[in-house]
Every structure is written in structure tokens, then in C-alpha cells.
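# Commentary on secondary and tertiary structure
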There are 6 protein chains.
Amino acid sequence: MYERSNNRQFNELRPVTIGVGYLRNTPASVMVEFGSTKVLCAASLDDKVAPFLKNTGKGWVTAEYSMLPMSTQTRQTRESTRGKIGGRTHEIQRLIGRSLRAVTDLGAFGEKTIYIDCDVIEADGGTRTASITGAFVALVELFKDMKTRGLVEMIPVNDFVSAVSVGIVEGALMLDLEYEEDSRADVDMNFVMTGSGLFIEVQGTAEQKPFSKIQLDEMTALAKEGIDKIIARQGEALGGWRP
Amino acid sequence: MYERSNNRQFNELRPVTIGVGYLRNTPASVMVEFGSTKVLCAASLDDKVAPFLKNTGKGWVTAEYSMLPMSTQTRQTRESTRGKIGGRTHEIQRLIGRSLRAVTDLGAFGEKTIYIDCDVIEADGGTRTASITGAFVALVELFKDMKTRGLVEMIPVNDFVSAVSVGIVEGALMLDLEYEEDSRADVDMNFVMTGSGLFIEVQGTAEQKPFSKIQLDEMTALAKEGIDKIIARQGEALGGWRP
Amino acid sequence: MYERSNNRQFNELRPVTIGVGYLRNTPASVMVEFGSTKVLCAASLDDKVAPFLKNTGKGWVTAEYSMLPMSTQTRQTRESTRGKIGGRTHEIQRLIGRSLRAVTDLGAFGEKTIYIDCDVIEADGGTRTASITGAFVALVELFKDMKTRGLVEMIPVNDFVSAVSVGIVEGALMLDLEYEEDSRADVDMNFVMTGSGLFIEVQGTAEQKPFSKIQLDEMTALAKEGIDKIIARQGEALGGWRP
Amino acid sequence: MYERSNNRQFNELRPVTIGVGYLRNTPASVMVEFGSTKVLCAASLDDKVAPFLKNTGKGWVTAEYSMLPMSTQTRQTRESTRGKIGGRTHEIQRLIGRSLRAVTDLGAFGEKTIYIDCDVIEADGGTRTASITGAFVALVELFKDMKTRGLVEMIPVNDFVSAVSVGIVEGALMLDLEYEEDSRADVDMNFVMTGSGLFIEVQGTAEQKPFSKIQLDEMTALAKEGIDKIIARQGEALGGWRP
Amino acid sequence: MYERSNNRQFNELRPVTIGVGYLRNTPASVMVEFGSTKVLCAASLDDKVAPFLKNTGKGWVTAEYSMLPMSTQTRQTRESTRGKIGGRTHEIQRLIGRSLRAVTDLGAFGEKTIYIDCDVIEADGGTRTASITGAFVALVELFKDMKTRGLVEMIPVNDFVSAVSVGIVEGALMLDLEYEEDSRADVDMNFVMTGSGLFIEVQGTAEQKPFSKIQLDEMTALAKEGIDKIIARQGEALGGWRP
Amino acid sequence: MYERSNNRQFNELRPVTIGVGYLRNTPASVMVEFGSTKVLCAASLDDKVAPFLKNTGKGWVTAEYSMLPMSTQTRQTRESTRGKIGGRTHEIQRLIGRSLRAVTDLGAFGEKTIYIDCDVIEADGGTRTASITGAFVALVELFKDMKTRGLVEMIPVNDFVSAVSVGIVEGALMLDLEYEEDSRADVDMNFVMTGSGLFIEVQGTAEQKPFSKIQLDEMTALAKEGIDKIIARQGEALGGWRP
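Everything quoted here is computed from the prediction, not taken from an experiment. (Residues numbered from 1 in each chain as written. Chains lettered and ligands numbered in written order. Predicted model: local features only at pLDDT ≥ 70, side-chain atom pairs only at ≥ 80, totals over all residues. Heavy atoms only, no water.)

Scanning chain A for helices and strands turns up five helices and nine strands. Along chain A, helices (α) and strands (β) appear in the sequence β-β-β-β-α-α-β-α-β-β-α-β-β-α when read from the amino end. In terms of overall dimensions, chain A is globule-like: its C-alpha atoms have a radius of gyration of 18 Å, near the 18 Å expected for 243 residues. The dimensions of chain A, computed from C-alpha atoms along their principal axes, are 55 × 40 × 35 Å. When each of the 243 residues of chain A is scored for burial, the buried share is 61%. As displayed, chain A has an accessible area near 9,300 Å², and 47% of this comes from carbon and sulfur atoms. In chain A, the 28 positive side-chain charges and the 33 negative ones have mean positions that sit 5 Å from each other. (Helix = DSSP H or I, 4+ residues; strand = E, 2+ residues; numbered from the N terminus. Rg over C-alpha atoms; globule rule 2.2 N^0.38 Å. Buried < 20%, exposed > 50% of the residue type's maximum accessible area, 1.4 Å probe, protein only. Areas by Shrake-Rupley, 256 points an atom, 1.4 Å probe, with all protein chains shown as cover. Lys, Arg positive; Asp, Glu negative; His and termini not counted. Charge placed at Lys NZ, Arg CZ, Asp CG, Glu CD.)

With that out of the way, let us pick up the environment of Arg233(B). Residues and elements named next belong to chain B. Position of Arg233 among the secondary structure elements: in helix H5 (residues 213–237). According to the relative accessible area criterion, Arg233 is partly exposed, its value standing at 37%. Remark: the alpha-carbon pair of Arg233 and Thr17, spanning 216 residues in sequence, is separated by 7.5 Å. The contacts of Arg233, once residues within four sequence positions are left out, are Val16 and Ile18. (Contact = heavy atoms within 4.5 Å.)

As a further point, take the relation of the copies chain B and chain A. Placing chain B over chain A gives an RMSD of 0.0 Å and needs a rotation angle of 180°, together with 0.0 Å of translation along the axis. The symmetry that links the two subunits is that of a two-fold axis. Judged by C-alpha distance, Gln203(B) is the residue of chain B that lies nearest the rotation axis, at 2.2 Å. An overlap of 100% is found between the interface residues of chain B and their copies at the interface of chain A, pointing to a shared contact surface. (Least-squares fit on C-alpha atoms with pLDDT ≥ 70 in both.)

With that settled, consider the environment of Ala232(B). Residues and elements named next belong to chain B. Of note, Ala232 is situated in helix H5. The class for Ala232 is partly exposed, based on a relative accessible area of 37%. In sequence terms Ala232 and Asp124 are 108 residues apart; their C-alpha atoms lie 22 Å from each other.

Membership of the largest hydrophobic core comes to 136 residues, with the highest contact counts inside it found for Ile116(A), Phe136(A), Phe191(A), Ile116(B), Phe136(B) and Phe191(B). Among residues more than four places away in sequence, those in contact with Phe191(A) are Ser162(A), Ala163(A), Val164(A), Val166(A), Phe199(A), Glu201(A), Val202(A), Met219(A), Thr220(A), Ala223(A) and Ile227(A). (Core = buried A, V, L, I, M, F, W, Y, C linked by side-chain atoms within 4.5 Å.)

Here we come to helix H2 (residues 87–101) of chain D. Helix length check: H2(D) (15 residues) gives 21 Å between terminal C-alpha atoms against 21 Å at 1.5 Å per residue, within 8%. The buried fraction of H2(D) amounts to 13 of the 15 residues, a majority that puts the element mostly inside the structure. (Expected span 1.5 Å × (residues − 1).)

Least-squares fitting of chain A to chain F yields an RMSD of 0.0 Å, with the superposition described by an axial translation of 0.0 Å and a rotation of 180°. Both copies present the same face, since 100% of the interface residues in chain A are matched by interface residues at the equivalent positions in chain F.

Here the focus is the interface of chain A and chain F. It is common to report an interface's size as the accessible area lost on association of the parts. Residue-level contacts link 34 residues of chain A with 34 residues of chain F. Carbon and sulfur atoms make up 47% of the area that chain A and chain F hide from each other, which totals about 2,900 Å². Between the two partners, chain A and chain F, sit 10 salt bridges. Taking the shortest distance from any N to any O, the salt bridge between Glu64(A) and Arg75(F) comes out at 3.2 Å. Counting across the interface, chain A meets chain F through 18 residue pairs in polar contact (both at pLDDT 80 or more). Every element with two or more residues in the side of chain A that touches chain F is listed here: strand E2 (29–34), strand E3 (37–46), strand E4 (60–67), helix H1 (79–82) and strand E5 (113–122) of chain A. Of the residues assigned to the side of chain A that touches chain F, the class counts are 14 nonpolar, 10 polar and 10 charged. (Buried area = accessible area lost by both parts, 1.4 Å probe. Salt bridge = Lys/Arg side-chain N within 4 Å of Asp/Glu carboxyl O. Polar contact = N/O pair within 3.5 Å; in protein donor to acceptor, adjacent residues only side chain to side chain. Nonpolar A, V, L, I, M, F, W, Y, C, P; charged D, E, K, R; others polar.)

This paragraph deals with the packing of helix H5 (residues 213–237) of chain E against helix H5 (residues 213–237) of chain F. Their axes nearest at 12 Å, the elements H5(E) and H5(F) cross at an angle of 160°. Considering the angle they form, H5(E) stands roughly antiparallel to H5(F). H5(E) and H5(F) meet at a crossing whose hand is right-handed. Across the interface between the two elements, Lys213(E), Leu216(E), Asp217(E) and Thr220(E) of H5(E) pack against Lys213(F), Leu216(F), Asp217(F) and Thr220(F) of H5(F). Of the residues in the contact of H5(E) with H5(F), the class split is two nonpolar, two polar and four charged. (Axes fitted to C-alpha atoms, helices over the stretch in contact; angles between N-to-C directions. Parallel < 35°, antiparallel > 145°, perpendicular 65-115°, else oblique. Left-handed = near helix turned anticlockwise from the far one by under 90°.)

A few words now on the pairing of strand E4 (residues 60–67) of chain D. All names here are of chain D. Here E4 lies mainly inside the structure; six of its eight residues are buried. When E4 meets strand E5 (residues 113–122), the two strands line up parallel, connected through eight bridges. By the bridge assignment for E5, Glu64 is matched with Asp117. (Pairing = 2+ DSSP bridges.)

Right, let's talk about the arrangement of the chains for a bit. Chain D makes no contact with chain A, the minimum C-alpha separation between the two being 11 Å. Across all C-alpha pairs, the smallest distance from chain B to chain E is 11 Å, and the two are not in contact.

Moving on, we come to the interface of chain B and chain A. At the interface, 29 residues of chain B touch 29 residues of chain A. Seen at the junction of chain B and chain A, the total is four salt bridges. A salt bridge links Arg94(A) to Glu91(B); the shortest N-O distance between them is 2.8 Å. Across the contact surface, chain B and chain A share 13 residue pairs in polar contact (both at pLDDT 80 or more). Elements with a minimum of two residues in the side of chain B that touches chain A: helix H2 (87–101), strand E9 (199–206) and H5 of chain B. In terms of residue count, E9(B) provides more of the side of chain B that touches chain A than any other element does, eight residues in total. Tallied by class, residues from the side of chain B that touches chain A come to 10 nonpolar, 10 polar and nine charged. The pairing of strand E9 (residues 199–206) of chain A with E9(B) spans five bridges and is classified as antiparallel. Its bridge partner lying in E9(B), Glu201(A) is registered against Thr205(B).

Before going further, it helps to spend a moment on the sheet that holds strand E5 (residues 113–122) of chain E. Residue and element names in this part refer to chain E. One open sheet holds the five strands; their spatial order is E1-E2-E3-E5-E4, and the pairing between them is mixed. In this open sheet, the two strands that pair with only one neighbour each are strand E1 (16–20) and strand E4 (60–67). Here the strands of the sheet are splayed against their neighbours by 20° on average, with no regard to which way each runs. The pairing of E1 with strand E2 (residues 29–34) spans five bridges and is classified as antiparallel.

Residues and elements named next belong to chain A. Tallied over the entire structure, the rule returns zero disulfides over all chains. This cysteine, Cys41, is not joined by any disulfide, and Cys118 carries the nearest cysteine sulfur, 3.9 Å off. A relative accessible area of 0% means that Cys41 is categorised as buried. (Disulfide = S-S within 2.5 Å.)

Attention shifts here to unusual backbone geometry. Notably, Glu170(C) is not glycine yet its phi reads approximately 45°, a positive angle. Within the secondary structure, Glu170(C) sits in the loop between strand E6 (161–169) and strand E7 (172–175).

What follows deals with the side chain of Glu79(A). Along the chain, the position of Glu79(A) falls in helix H1. Within the structure, Glu79(A) has its side chain in polar contact with the side chain of Thr89(A) (distance 2.8 Å). When residues no more than four places from it in sequence are discounted, the contact partners of Glu79(A) are Lys84(A), Ile85(A), Gly86(A), Thr89(A) and Ser80(F).

The subject of this paragraph is the packing of aromatic side chains. Overall, the coordinates contain 42 aromatic pairs over all chains when judged by the stated rule. Through pairs of rings, three or more aromatic residues link up here, namely Phe136(A), Phe160(A) and Trp241(A). One cation-aromatic arrangement involves Arg75(B) over Tyr115(C); the distance from NZ or CZ to the ring centre is 4.2 Å. (Phe/Tyr/Trp six-rings, centres within 6.5 Å; stacked < 30°, edge-to-face > 60°. Lys NZ or Arg CZ within 6 Å of the ring centre and 35° of its normal.)

Take the side chain of Ser162(A) next. Residue and element names in this part refer to chain A. In this structure, Ser162 sits in strand E6 (residues 161–169). Within the structure, the side chain of Ser162 is placed 3.2 Å from the side chain of Thr133, a separation counted as a polar contact. Leaving out residues up to four positions away in the same chain, Ser162 has contacts with Ile132, Thr133, Phe191, Val192, Met193, Ile227, Ile230, Ile231 and Gln234.

This part covers the pattern of salt bridges. Throughout the structure, instances matching the rule amount to 121 salt bridges over all chains. Here Glu178(B) makes a salt bridge to Arg8(B), at a shortest N to O gap of 3.5 Å. Of this pair, Glu178(B) sits in the loop between strand E7 (172–175) and helix H4 (179–184) while Arg8(B) sits in the segment before strand E1 (16–20); the two residues are 170 residues apart in sequence, bridging distant segments of the chain. By the burial criterion, Glu178(B) is buried, and Arg8(B) matches it. As a salt-bridge pair, Asp228(C) and Lys224(C) come within 2.9 Å of each other at their nearest N and O atoms. A residue pair is termed a helical-turn pair when its members lie 3 or 4 positions apart in one helix, as Asp228(C) and Lys224(C) do in helix H5 (residues 213–237) at four residues.

Read these as spatial facts, not as claims about activity.
Right under this line is the structure:
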């Protein structure tokens, strides 16, 4: 059976750290680490909205995701050099945006756009789940700052949001996959859940071996377990803030 | 409670038709219809593979998805005019490709690439699930043709693959959403499953309202019911072919 | 001497069919067929005009042309994937637009843009002439609909427009070239003419063998003969409508 | 009736000058002027061919056309800045290439590509016809140089090629239109002809007013008259060279 | 020691000519030649400014630089064909713009943008210094024309600007490098200076061999000598105009 | 007179720190800080070279530079989103590459390309000088690693390279400008120098106010003073390594 690095148990997360205020100029900046995976998440406010929101009184939360060329073991060509953003990047940044919007009251902060930049400094599996986890904290920090500046009356976020991956590697269930595990997985799932235990996104892919309803249920339960722990860390990073 | 058009029941598919050989020059071409949604799927063979497959002895199955500008009620600008492919398109074509690869023996047809083009002629919800459904039939038809030409010994597909959407609209579960239903849905899920009832992809999104484990289970059961019926249609379209 | 398929005479058109209302959501949609060549033409209205028309009181008619990747025997890469529109596509869509504008009163429908999308489903020579033929019908159908909705008082089209190709293949004049004939032709001409027998566009190219004034006259006469027949079909498809 | 500038007669060309060797480093460079229209044409040889010609033993002649931003009265944005080449440019460079290939023996100089760059220094109508006229001279000069270097045995060009525009302006036929005339023309035609009076390209467009067979014949005759004179100038510029 | 072509002394410029009014439609057009290097500079006025200048009351001077494909001995692919502008082009056009802005009162001509197009017709080293030299003359000519049309009260240029290159070739200092010299240089510097002997830009690069403070001083003195002579030519070209 | 933040003297550097091995997977990674400016530099090896180096036996050192969108106070749009790399980025990455190549023996490590990625995490002026400083350390670290792996016999770097900015702000000379100082500067210069006190690059720009030879000399002396100190830090970061 597959042995995890650092004697990790199948249902054990890697060490999760969430450092708020990493950038001096941007209080709403967060360096989130899931083991060796390291993502810098920063939230910012733009006074404009896309045309489809004009005159609706509503704002928007959107995310951009990018990997530094040397974040992976083999250098990757920059998307700016290739002149276009790849499919995987699009998929991930759309996922992050949707996850945050699901717990945000878009009508509470006017016709503004909030950008959450998630830049992967180092990648060892789980960059999208770490990004969602950090992006949520950056978003709340931005709203805290907006509240201080009188731009919102209260923080328009109605629940925690966090994410984790689960997979089946050599027949065994595992929580929070590292790169090495991910590349050997038969099934790879990502769950985005709220603090109250509801689902925002469920994405499961069998690259090689289709999976059964029983396996789906087991993975779902394992994900919930992991997310509960991550949300506890988010709460601490936010200084005990609660929705 | 939301009333479906044409008196459809909550667990009822729209009429599904799968027309093989729509293009004269391309036997592996399929016009698939889920109600008013109409997608032309065509499979073709390219003698080259991407660099990462060179000298592996393996081939690849990939998909491209596009909507005609007038397939939707409001004309959409062509992606060729905008000069780039959007995030949604990327997401869908990656999904189609992964779904087909999950049941295909990539080692059985040499270092070749199979393209499945899915062009949406008319869109009324479910274009990605109809695409997967039609793409599977086009793929098997291409392999049939390759077998006739001696390029494969047997058809290297080990199970059926089909897809369907399920959603929660105004609190009610519904199978195979039309555009109107999709745009009102609190939760929208797409399932890709095999003939043996296993999952290849599970994708669920709560744009507005997170969902519970019970709802996830109900949606999963409803999807299975629908997929079984669609796979029956695929079998008929393929003239009774079985993996 | 070159023998045409299906015993076609040198001055005989392929079967021409013009199906109005192919798309459910778009009455101004037309599936036009010249033999195996099949083009879906759809007209739509946009309430904006390009900057050069602002405050002139005039509208515009423009066309976009595209081939599905599998419309030809050998799959073509999508222009969206290549990130740019090729020279041939530009040339054809400019030709379609000019042809339609020549019979349209651009001052009669306000500062609006009419798009005519011509998407080639299957290609066997003559896709540009079929496109012009179908685009004209779609344009009149759109104006019919605009008249019903009170956007125009009368249909601002003052003549029929249709197009046909003529060529010299192995020394012999031929009307309405198929792909096979086109690829062997010494001279290839496209004519766009009105119902009253006048020329809107004349385009002739000698890829290999320059041609004489006598040949030009013969090709011109043959084109007129063909166009008269096609215009009769347009009239029928439009339910007897006359400018 | 429309009065031409400089008392030009309806069947009179503007002064045509063809200066060979304009660039010091490129003997096959030609500055061609049709009145105020000024185009620099330069031919060069590339030892590669496009994939479709590999192992055919044949070469290719291709052209690129571009306007300096200030060649027109109102500055135009560069195509390099816009990041893509427009439809008109594509159309013209394809026309120039086809015209030259029609008189060139592509099998006589091996698997090489000849580029003809046509850069418009100043534009006052007729830039495409001036380009073809100058490009032909540059091509022959390049072949002269290749002959000197032993790359071809004889100059593989079997006839002269030149081009001129003809139009109908305020009801009157006119040869070699200036910009002012072109912008008022009801009909605008471009003819590309050989020294032996045959047609390579015929392109006529009625932007406003369709034209009759009689008008087509008159324009054709007028073009032939103009082209004969331009070809005489080409012969002089080439130092009396004859195919 | 390296011998310069045409017996040029180390501190001798190539023949400098500055022809004003090269384009008939654009009085503010200048053909500048430094030996075989030939650049067409043309200034034009656009009534818009970039967003960062809106409501500041200030205008802008910007430059675009491009080389014709055949300006160099080996044909270069057009940047429009490659679809993007290269790094060297960006660097040069930014340099030209900065140089001109340094002597222009941007507050004196309203919220307008002046474009200076510098198109290299033939390149033999020093295209950027020739461009700056010619661009300055074109700019003053444009202001003269604007003054005539009442758009400025006086010419808002407070000093001459010119540029020259200096290098170290095989150990020897040299002024105004030709291509052959430039490609052998250990150090290559470009100086942009005013008529009053002050520096606007100093750019020195040691591709192979770092240089000392003494060499820097010598190069600086040599550049000043050259620039004084070039500025004299600018004054003549401008008909004796003085800031 | 302008007062610097933190009571900095005019000839005082900000605190410089150079952290080697910031990325776990990339020993040749360096986080360099000049005060609040923070750049992550990482070197990597690619076994290919550009076509112009094939069969020369030589390698290449090239750099890529990019700013994270939130590295500046106001969020910047990503270059990948805009689809192209801007002029400033091109200028800086060319500068970094040239600076490193000037002290590297390109013939000593075969036909390989070394990439140095410089990603700005936080920007407060001097990002290009910090990048060169960190890139040099990353390059030497990469060569150390290559030596260990037997890919080079000795480290093919013949001198230190470092860079610093100098400017004139409100009439006063200043070393190592912060963003606030840079934006007020009349003159802004960047110097790249070697450990032996020679110049590799000298770039000075007077955006508003041209500068004199005396000022150029003063700025040069001040830069040398700063660079000597920075090189001392590079030596420490490299564990006492000497060329």
C-alpha cells in the first residue's frame, strides 16, 4: 500500500498555515501554505463592474490564478509569453470566483468588483484548494478594511468557505493530496464546503478508473472532516471573526 | 412550484435523438438532440501526437467544443473574432476529452490523436451533456471505421459513457435542465457515468444556495436513472454495439 | 474531356435547396444546399453601429463566414484555436457583406448593424456562392420580422442577389463547380448578380492559365443563366416575395 | 460631370515611374509611382518552403503588403500594434501573390520561397495595382540576380504582368482612379493582365450601383489600353528585358 | 586597428541629410539619412489622449518605430505577421518618445496626442539616433503647422534634441557606428542631448567587455562633438528656426 | 529639501537582504529585498538553445521579469490577461539578460539556455536593480549546482555584477530610490557594474530636466559607492564565493 511522506495518515492534512498581511501595502494579503504548497492571495477593490452588472446595484467577486514559472519542479513557460491563458488556469480561476460568490452578499457593497489574485509561489499539489482557502481569508480582510473606511456597514459574508482535495491512490482513500500522490491517483476530487457543512462545489474526476457510489460517499465524508479543520485555521487567522 | 415545459415530469428526459452519419464525408459524425439542444459531433484521426506522448506507444483522445454565434437566443461573438477561447469553452472541452479517455484503451491504436469536434448548432441547456453523449457515439463509429481499415483489431472502448444534468430549481429536483430551468437553478450538477453505473465525472455547483448531503444523494440517484435511458439510445444508434 | 459527377451537364446547377427557419429561435435562419455543400445562414440585429456610422442615421450589413473543422474531408484547425482569422475567411466575409449592402437601403433601418452568420456545415465547392445565396434569404427574412415588429415600414431591399461560380476545367466551361472540379480548374470565377441581371461582383482568377476576352464573355453568359435559376429558388423560399 | 485633377482625360494614366534599385542592399528593389501613389517593392529569396511544398521540387512566390501609418491623409494604426493583419491587407497580398505566380514557372528554381514586400509609402488610390506593377519588376530583377549567381538557368517568367484600376464615377468611365475618384466611384474594378492581353485577375465591385454587361465590356477595354502602356514602362525599367 | 569605410576618421559623422516634406500630404514628414541609414519620420496629431491624461489639460508626444522587412540585408519577418511587437522595438520607441517629451511643453497644446512615426527604410546602424534626429525636426514642423492653424500660440519646444552613437571597436573609440562597426563593438553607447549640451538620455552597454570611467568620459566628449554637428543640420533643415 | 523616509542619508542604501534557497525545489532561488522591494529570482537550465546558437557550442543566459498584480499599490492587469508583454517589461528583461551575459563565459556550459525568472512580489522602486542583484546570485547558485552534477568544471562567471539606481530629486542627488522618490525625480539613472568597478550598463533618463556632465559624474560616483556595498552582500549570500 502507498505510504505517505512524513508518515502522514490517510485522513491527515498537511500542516496548514495562513499568514495574514504578507504584503506591506495590502492588508488583505494572505500567504497560505498546505505543506510545501504556497500561494499568495491578495484582494483588491475596483470601482468598476462589467457591463452585465451596470445599473443592477450589485457588485462582483472574481479571481485570477497564476503559477510562477519556477513554482513547479520543471519550469513552466509563462502564460504572458505564450500570449494566452490555458484551460486549466481558466477552470481554476472560475472555480475560486464561484466559491467566494456563493457566500458573499453581492448586493451589499455597490457596483464594485473585488479581485482576488492567487499566485502560486510553490506547487506541491492542492494549489486550487489552498487558493480557495486563502482567498476567503483575503476577502474577509478586504471587507474588514472596507468596513473601517465606511464602504460597507457589515461584512457581507454569510459563512466560511474552504476547500480540500481527496483521492484514491493505489486503492486507498487519502485526504489533501501532494503532487506525487495526485499524479498516481485513480480518482481525484475537490470539495468546496461551507462552515455549516454544505457543499458549494463538488468536482470528481476518474482519469483511469471510474468510481462507485460507495467510494463517492467515503470521499465526501473524508473531505468534510478535512474542511472542518481548515475552517478552524481560517477562523484563527481572522482573529476569531465569525460570519 | 416550477412547472416544466411540455408537461415534463421532474425525472423525465427531453426527447433524445442520435443521428449517425450526418456529414456525407464523415461516417463518424453524429447529430445529437436533447430537446431543442442540437450538437454536431464528428470524430477524426490525426497521425501525430503531442510531444509528451512521443515514443510512449500511446495515443490520445481530445475534444473541441464551440457554439455557433446564433445557437443562442442572443448572438454571441465568435471566439475566432475575439482571438481567444474563453474559460467556459476550455472547461467543457477538457471535460469531454477526459470523459472519453476514461473508457478508451489509449494503448490500442498507436501514437495517433483522435479529435472529437462538438459544434453546438442550437443551445437550450445541456450542451455539454449532449456533447459527451454524441461524442461517445462518434468515437465508437470512428473505431468501427478504423477496424474496417485494419488500424485496430478490436474497438478499444470498454464501457459506454454518457452524461446528464440534474438541478434544484425553486426547491425541486429536476433531470436534464433546459436553458430556462438552468438559469433559475440554485444548484446545477453534471454527471458523467458509465454503462456499469460508475462515475467518471461529478461536477456540482451551488451558484446561490449551498446544498446538503441528502440533496447530493438524491441528485446522484436521479442522474443515474437518466443516464441509463440515454445509454440505451446510444446502443440503438450504434446498431446494438456493446463494449 | 472531364466528365462531371452524376452526369451533370456543363451548364447545369447542382440541386439547390433553401430551407428557411432551420433554427427554432431564429426565424431568419436558412440552411442552403448546393449539392453536397451545406451552409447555415442566420441574420440578427444589433442595436449598435461602428464608430464611422455614428450620427449618420445609417445602418450596416456585415457578414461572418466560418467553416466547421470537419466540413472538409481533411479536418481543419479552428480559427479560434489559431487565434486569428485567415486571409481566405476575411476575403469571403467581406464579399458577402458587400454583396448584400449593394441591394439594401442602409438608411432605412436606423443606426443598427445586421449580422449575417454563414457557417459551413459541409463543403464541396461553392461555399461562398451558396453563402451569398442563403444570406440574402436570411436578410429578407430578418427584415420581414423587423417589419412585423414595426422596426421598418417596408423591406428595404431593392433587388434579389445571388451568386454562382463558373470555371474552365480541362479546357471546358462549367457552371457551379464542385470541390473536385474547382481543384482542377485553370480559371475560377465567381459572379454576384441581381435579379435584374446586373453585376455586383465579378471575380475571376487564373491560377495557371490566363484567359481571353472571349472566355470571359462565355463565362459571364453562363453565370447569368445559373443565377437566374437560383434566384427563382430564392423567390420560392421567400414565399413569393418580390422586391 | 466629374473633372479629373491635372486635366486628366478619362482614359489617361497618371504619370508612371518605376525606379529600380532603390535600396542599396537589395538590387531587386523598386520604387513605383502612379501619380502620388508610391510603393516600395522588394524581392528576396528564402531557402525554405511551406510544408505543402516539401519534396515537390517546386518553389513559391508570395507577397506581403503593408501601408505606413502616415501613407494616408489620416494616420492609420499599425497592424503590428493591433496585433493582427486586417481583411483588406490579406486580400491584397493574396492578389499580388496569385498574379505573380500565374506567369512564373514555379518548378524552375527549386524548393525556395520568394517574398515580395510591397510597402506603401504614400497612398492616393491604386496601391494594389501599383504594387503588382512594381512587384513584377522586382521579381524579374531577383531572377536576373539569381541567374548571375547560377541559381536559375534562365528567368522563369513567361509573360509580363501588370495591373490597373478602372471605375465609373458620376456615370463616367475612368482609368487609374485616384483616391478622391475611388471614394466617389459607383463601380471599382481592378484588372491584372499579361503582356499578351490575357486576364489573370478580374475584380469588379459595385458598392452602390450594379453595372451592366455593356459597362463591363467598356471597362475591360479601357483597362487593356492602360495596361499596355504600363507594361511598356516595365519593359523600359527592366532595360528592355523580354520574357 | 579597425579601418572605417570611406576613410572615415574616428570622430567623423557619416554624411547627414534631413529632407523635410518628403510625403506630399504630410508637411511634418522628414527623410533623415545618416550614411546608408534612412528613416522616414512623420508627425501627426490625434485629438484624444490616453486615460491617465484625461482632465489634466496636458497632451502627450509618443513615437512608433518600425523597420521595413527589407531594410536589413537579411529579410526580417514583419511584427504584424508575428502578431506582436518585439522587445527591441518597444525599447526604441519608448526612447524616442521620452527624448522628445523632455524638450516639449506638454501643457501648451491641450489634451492631444502627437504621434511620431519612424519607419526605417534602410538600416546600416544608428537607426535609433537617426530616428530621434528626424523625429525632432518632424515635431517642430508639426508645431509650425499647428501654429499656422491657430492651435498653439508659439512652438512649445524649448531646446534642440539630437542623438548619436559612440562605441569602442577593437579598442578604438568611434563616432556614429555603421552596422559593421556596431556588430564588432565591445561597447555601444547612445547619447541624446540638447542644443545646450545637456543630457536627456545616456545608454551604454558592454556586450563583451566592461568599460572604465575614463572610457565613459571619452565617449561622452565624443558624443557631444557629434551632436553639435547634427544639431546644426537640424537648424538648417528647419530653415533657421531656433527654440 | 526632500527628506527621505526612515531618516535615510542621500548616499545610504535601504536595507539589502539576499535569501538563498527560498523555494524548496530550486536551490538556485533567491529572495532579494531592497527595503520594501522584494523580488524572487530563480535560475533554471533548459537543454535547448535558440536557433541562432545551434552548432556554435555556446549557451545563453536570458531573463524574464514580471510583477505580481498586487505588487504595486494599485493593482495592475496581468500581462497574460492582456495577451502581450509590455514595453517596460521587455526593456527590463533584456537589461537583466545582458548584464548577466557580460560576466558569463557562454562557451563553458554547452548549448544550453539558462533562464533567470525575476518575479516582483512587492514593488517600492528599484525592482530592476534588485532583480539584477538577485539574478546574479541565483545564476552563481545554479552554476554551483551544475558543478556538483558535473555539468561544468568550474563556475564560468568572471566577476560580480550588481546594480543600483541614482537620481536627482528636488535638486538633490540620492542613492537607491524608493517609489515615492522615483516618481518625483528629475533624473533617474541605473548603473550595472562589476566587482572590479567597471560599467556594464549605464542608463540615465531626464524625464523633465536635462542634466549636466558634472551631475553625470556625481551620479556615477555615488552609484559606485552603493554597488560596492551591495556586492559585499552578494558575496556573503554566496557563502564567501569569489570569481
